[in-house]
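A closer look at the structure
The chain contents come next:
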Amino acid sequence: MIVIVMGAPGAGKGTQTDLLARNIGLRKFSTGDALRRHVKAGTKIGEQAKELMAAGNLVPDAILMELVKEELEAHKKDVVVLDGFPRTLNQAKLLQELRDQKAVRAVFFIQVDRAELIKRLTGRRTCEKCGSTFHVDQSPPRSADVCDHCQGRLVQRPDDQIASANHRLTVFDKETSPTVEYYEALGLVRYVDGNKGVDVVYQELESKLKESIS
Ligand code: AMP
């Protein structure tokens with residue numbers, strides 16, 4: 001079974017899907033994280049994705065489908081929560097071809113105002129070593145620029161810088177709206193107010209998700 005969590009960059013998809021994985025044992029797959037691992041490891045996929053990601057552009061669908069196919073094959077029996085995929089109508093259609101019609105059980109869309117998204121993205125700091133994220137104002141690390149969990153160095157992702165962050169939001173609006181409409185037509189979309197604090201958003205998401213998959 002597949003559950004999709006959608007939302008603009010900075011909407012909190014990563015944080016919320018981490019909590020779903022930790023609290024109710026769902027298998028989380030983030031295409032952004034998978035691509036960043038490839039970039040870090042210097043693989044062929046990483047080489048192809050690196051520049052596009054840094055500029056805030058989308059990586060070609062063929063690469064995404066390769067990653068998602070591999071993940072779904074390896075976790076056929078799990079409830080897989082997809083974070084950051086599909087982002088385009090074509091990806092949504094390709095996912096449907098990969099799995100039968102009923103595989104996608106629910107699509108959650110976390111809605112956050114644009115001004116708040118910019119604040120979250122540009123203030124985000126990411127650990128170079130373990131990938132944990134902090135926010136300079138909203139969830140600062142105990143010691144500036146040092147990860148609380150592994151003492152790795154905290155850096156700003158190139159695509160969280162203001163120009164790239166703005167561009168990502170524009171790309172998101174353009175590419176993702178038709179994808180949401182596609183799932184709307186299938187009656188699968190449920191909206192979650194993402195402007196509130198992490199715990200409040202999580203409660204709403206978890207209860208709606210439990211209703212959808214029970
Ligand atoms: P994220 O961590 O989800 O914000 O993704 C970071 C970047 O990875 C995006 O800005 C894209 O460059 C790339 N990416 C992640 N998921 C996708 C996707 N489904 N389709 C195309 N590009 C993606």
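Note that this is a predicted model, so its numbers are computed, not measured. (Residues numbered from 1 in each chain as written. Predicted model: local features only at pLDDT ≥ 70, side-chain atom pairs only at ≥ 80, totals over all residues. Heavy atoms only, no water.)

**Considering the site of the ligand**
Neighbouring the ligand are 16 residues, the closest being Thr 31, Arg 36, Asn 57, Gly 84 and Gln 91. Within the side chain of Thr 31, one N or O atom sits 2.8 Å away from a nitrogen atom of the ligand. A distance of 2.9 Å is found between a nitrogen atom of the ligand and a backbone nitrogen or oxygen belonging to Gly 84. Its free accessible area being 480 Å², the ligand has 96% of it covered by the protein chains. With four residues, helix H2 (residues 31-41) is the single largest residue contributor to the shell around the ligand. Taken together, the residues of the shell around the ligand break down into six nonpolar, five polar and five charged. (Near = heavy atom within 4 Å. Polar contact = N/O pair within 3.5 Å; in protein donor to acceptor, adjacent residues only side chain to side chain. Areas by Shrake-Rupley, 256 points an atom, 1.4 Å probe, with all protein chains shown as cover. Helix = DSSP H or I, 4+ residues; strand = E, 2+ residues; numbered from the N terminus. Nonpolar A, V, L, I, M, F, W, Y, C, P; charged D, E, K, R; others polar.)

**Here's the deal with the packing of helix H6 (residues 114-123) against helix H7 (residues 162-185)**
Following both chains from N to C, one finds H6 and H7 inclined at 135°, their axes separated by 10 Å at the closest point. Classed by the angle they form, the pair H6 and H7 counts as oblique. For the element pair H6 and H7, the recorded crossing hand is right-handed. Contacts between H6 and H7 pair Arg 114, Leu 117, Ile 118, Leu 121 and Thr 122 from the former with Ile 162, Ala 165, Asn 166, Arg 168, Leu 169, Thr 170 and Asp 173 from the latter. Counted by class, the contact of H6 with H7 contains six nonpolar, three polar and three charged residues. (Axes fitted to C-alpha atoms, helices over the stretch in contact; angles between N-to-C directions. Parallel < 35°, antiparallel > 145°, perpendicular 65-115°, else oblique. Left-handed = near helix turned anticlockwise from the far one by under 90°. Contact = heavy atoms within 4.5 Å.)

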